[in-house]
Amino acid sequence: MIGAIQYGLGQLWRYKKVWAILYVVTLLMAVLVAYPFKSYLEKTLGNSMMISDMLKGFDYTLYIDFVNNYGDLFGTFMNQSFWVILLFLILFIFFNGGMVRLFLDRTEAYDSRLFWSNCAAFFWKFFRNSIYFLIIHGIIFILFLMIYSYLCKGFSISELDSEGIIFAAPKYLAPIYILVSSFFFMWQDYTKISLVRNHYKWVYQGMFDSIRFIRRNLISAWGLYLLNMLLLALIFTINYFITTAFEIQSFQTVVLSFLFAQLFTIARLGMKMVNLSSAAYWYTSKTDSDESTAEY
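Below you will find a few notes about this structure. (Residues numbered from 1 in each chain as written. Predicted model: local features only at pLDDT ≥ 70, side-chain atom pairs only at ≥ 80, totals over all residues. Heavy atoms only, no water.)

**Some points on the overall build of the protein**
Inclusion rule: Only DSSP runs of H or I reaching four residues or more are called helices, and only runs of E reaching two or more are called strands; each is numbered from the N terminus. A simple rule labels every residue: compare its accessible area, found with a 1.4 Å probe on the protein chains alone, to the largest value its type can have, and call it buried under 20%, exposed over 50%, or partly exposed in between. Pairs of residues are marked as contacts when any of their non-hydrogen atoms sit within 4.5 Å. Working definition of accessibility: Shrake-Rupley area with a 1.4 Å probe, residue cover restricted to the visible protein chains.
Tallying secondary structure elements over the protein gives ten helices and zero strands in all. For the protein, the α and β elements follow one another from N to C terminus as α-α-α-α-α-α-α-α-α-α. When each of the 296 residues of the protein is scored for burial, the buried share is 37%. Looking at the protein alone, contacts between residues at least 24 apart form 75% of all its contacts between residues at least 6 apart. Total accessible area on the protein stands at roughly 17900 Å², and carbon and sulfur atoms take up 69% of it.

**Brief notes about the side chain of histidine 137**
Topologically, histidine 137 is positioned in helix H6 (residues 123–151). Histidine 137 gets classed as buried once you look at its relative accessible area, which sits at 13%. Excluding residues that lie within four positions of it along the chain, histidine 137 makes contacts with Ser181, Phe184, Phe185 and Gln188.

**Details of the pattern of salt bridges**
Heads up, the rule is: The term salt bridge refers to a pairing of a side-chain nitrogen on Lys or Arg with a carboxyl oxygen on Asp or Glu at a separation within 4 Å.
Under the counting rule described, the total for this entry stands at three salt bridges. The partner of aspartate 189 in a salt bridge is lysine 192, with the nearest N and O atoms 3.6 Å apart. With aspartate 189 and lysine 192 both in helix H7 (residues 164–198) and three residues apart, the pair spans about one turn of that helix. In this pair, the class of aspartate 189 matches that of lysine 192, namely buried. The closest approach of N and O atoms between arginine 212 and aspartate 209, which form a salt bridge, is 3.8 Å. Taken together, the residues arginine 212 and aspartate 209, both in helix H8 (residues 203–216) and three residues apart, mark about one turn of the helix. Take arginine 212: its relative accessible area is 38%, and that puts it in the partly exposed class. According to the relative accessible area criterion, aspartate 209 is buried, its value standing at 13%.

**Details of the nonpolar core**
What counts here: Definition used in this section: a nonpolar core is a set of buried Ala, Val, Leu, Ile, Met, Phe, Trp, Tyr and Cys residues joined via side-chain atoms within 4.5 Å.
If you look at the biggest cluster of nonpolar residues, it comprises 63 residues, and the most contacted ones within it are Val18, Leu22, Met99, Phe115, Tyr190, Ile193 and Met273. For this core, the element with the highest residue contribution is H7, accounting for eleven residues. In this view, methionine 273 contacts Leu12, Tyr15, Val18, Trp19, Leu22, Met99 and Phe103; residues no more than four positions away in its chain are not counted.

**Let's talk about the packing of helix H1 (residues 2–14) against helix H9 (residues 218–243)**
The cut-off we apply is this: Each axis is a line fitted through C-alpha atoms, and for a helix only the stretch in contact is used; angles between axes span 0 to 180 degrees, taken between their N-to-C directions. Should an angle fall under 35 degrees it is called roughly parallel, over 145 degrees roughly antiparallel, and 65 to 115 degrees roughly perpendicular, with every other angle called oblique. In this scheme the handedness of a crossing depends on how the near helix is turned from the far one: anticlockwise by less than a right angle means left-handed, clockwise means right-handed. Following the grouping adopted for this structure description, the nonpolar residues are Ala, Val, Leu, Ile, Met, Phe, Trp, Tyr, Cys and Pro, the charged ones are Asp, Glu, Lys and Arg, and the polar ones are all others, Gly among them.
Close contact between H1 and H9 brings their axes to 10 Å; oriented N to C, the two are set at 55°. Our classification of the angle between H1 and H9 gives oblique. The chirality of how H1 crosses H9 is right-handed. Taking contact as the criterion, the partners of Ile2, Ala4 and Ile5 in H1 are, on H9, Leu224, Leu227, Asn228 and Leu231. Each residue belonging to the contact of H1 with H9 can be placed in one class, and the counts come to six nonpolar, one polar and no charged.

**So, the environment of lysine 125**
In this fold, lysine 125 is placed in helix H6. Counting along the chain gives 77 residues from lysine 125 to tryptophan 202, while the straight-line C-alpha distance between them is 7.5 Å. In contact with lysine 125, other than residues within four places in its own chain, are Leu195, Tyr200, Lys201 and Val203.

**Focus: helix H5 (residues 112–121)**
As a reminder of what qualifies: Directions are taken from the helix axis to each C-beta atom, and the arc is the one they span. The term polar contact refers here to a pair of N or O atoms within 3.5 Å; inside protein, the definition further demands a hydrogen-donor-capable atom paired with an acceptor-capable atom, and it admits residues adjacent in sequence only when both atoms are side-chain atoms.
Taken together, the buried positions of H5 are occupied by Leu114, Phe115, Asn118 and Cys119. In an axial view of H5, the angular spread of the buried residues amounts to 130°, which keeps them on one side of the axis. Away from the buried face of H5 by more than 90 degrees, exposed residues Arg113 and Ala121 are located. With a side-chain oxygen lying 3.1 Å from the backbone nitrogen of arginine 113, the N-terminal cap of H5 falls on aspartate 111.

**Section: the packing of aromatic side chains**
Definition in use: Aromatic rings from Phe, Tyr and Trp, with only the six-membered ring used for Trp, were paired whenever their centres fell within 6.5 Å, and each pair was classed as stacked if the ring planes differed by under 30 degrees, edge-to-face if by over 60, and tilted otherwise. Sitting over a ring, as applied to charges here, requires NZ of Lys or CZ of Arg to be within 6 Å of the ring centre and within 35 degrees of the ring normal.
The full count for this structure, using the stated rule, is 27 aromatic pairs. Between phenylalanine 95 and phenylalanine 115, the aromatic rings sit 6.3 Å apart at their centres with planes inclined by 15°, giving stacked as the arrangement. Placement of phenylalanine 95 in helix H4 (residues 60–105) and of phenylalanine 115 in helix H5 is noted, with a sequence separation of 20 residues between them. Through a chain of ring-to-ring contacts, three or more aromatic side chains come together here, namely Phe88, Phe92, Phe94, Phe95, Tyr110, Phe115, Trp116, Phe123, Trp124 and Phe127. In this arrangement the basic side chain of lysine 16 is found over the ring face of tryptophan 13, its NZ or CZ atom lying 4.8 Å from the centre.

**Quick word on H8**
Rules: Every helix has an expected span of 1.5 Å times one less than the residues it contains.
The end-to-end C-alpha separation of H8 is 20 Å, in line with the 20 Å expected for 14 residues at 1.5 Å each. What H8 keeps buried is the set Val203, Gly206, Met207, Asp209, Ser210, Phe213 and Ile214.

**Notes on unusual backbone geometry**
Positive phi values are uncommon outside glycine, yet arginine 106 reaches one of about 55°. Looking at the secondary structure, you find arginine 106 in the loop between H4 and H5. The phi dihedral of histidine 199 falls on the positive side, at around 55°, and the residue is not glycine. Structurally, the position occupied by histidine 199 is in the loop between H7 and H8. Taking the relative accessible area as the measure of exposure, histidine 199 reaches 57% and is therefore exposed.

Below is the structure:
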């Protein structure tokens, strides 16, 4: 598994142009959200001291006052942001086909024709794959909410022996939920790889093939995915401690915060590529080994 991640890191640098494309698209989407928000704040707050209070961090009272005073415009802004975020997710689904093809073919360098042609060729299959797994994740989330509600006796104060269960239950359910949902995220990634590797016409063929692969290599495949998740969690943890280490009180600290945010975004996108490339490496190495054994 460590070797697969090392290989993924190597491919990350080999295909750094793809990494740059993902970052530029992410930055552009952020600007599309941030610029209207900036204009919105200028129109509503102007030079109000409320802006300084916002920079200190989230304040529920401040948020309620803001919504009460400017709720209509805020709703319009949130609606626009939703469509930008949706476009962002669709673009990343689009890029996945090209990335998987590069990771599977292991070309010596970034091949723009190969990348963009496979982005287009696999977009609709990957889009349907995302919809199917979104439904699966929704079902899992609802099931865990039902379990939480059951443990809390429907949140009925008269039925509860202690209100402490309302706060204690998530501490036990959250790790289990993350573990279970990670399995289905892993399955989703291996389905993408299977669809590209085997040129399946239908998404369900890739889903069945990938679940067979996972069944044969459950410990190693799931372990690799969890290891990638831990590395991503490490990046989030480092970012949290860095961003909370100083207060935003001047223009210099705003710039510094922005630079740290960009480094975090670059690292997060890089880990997404490492996760996909290490999974592609693991899938091909295991399936090629199984095929060789079967032929022998």
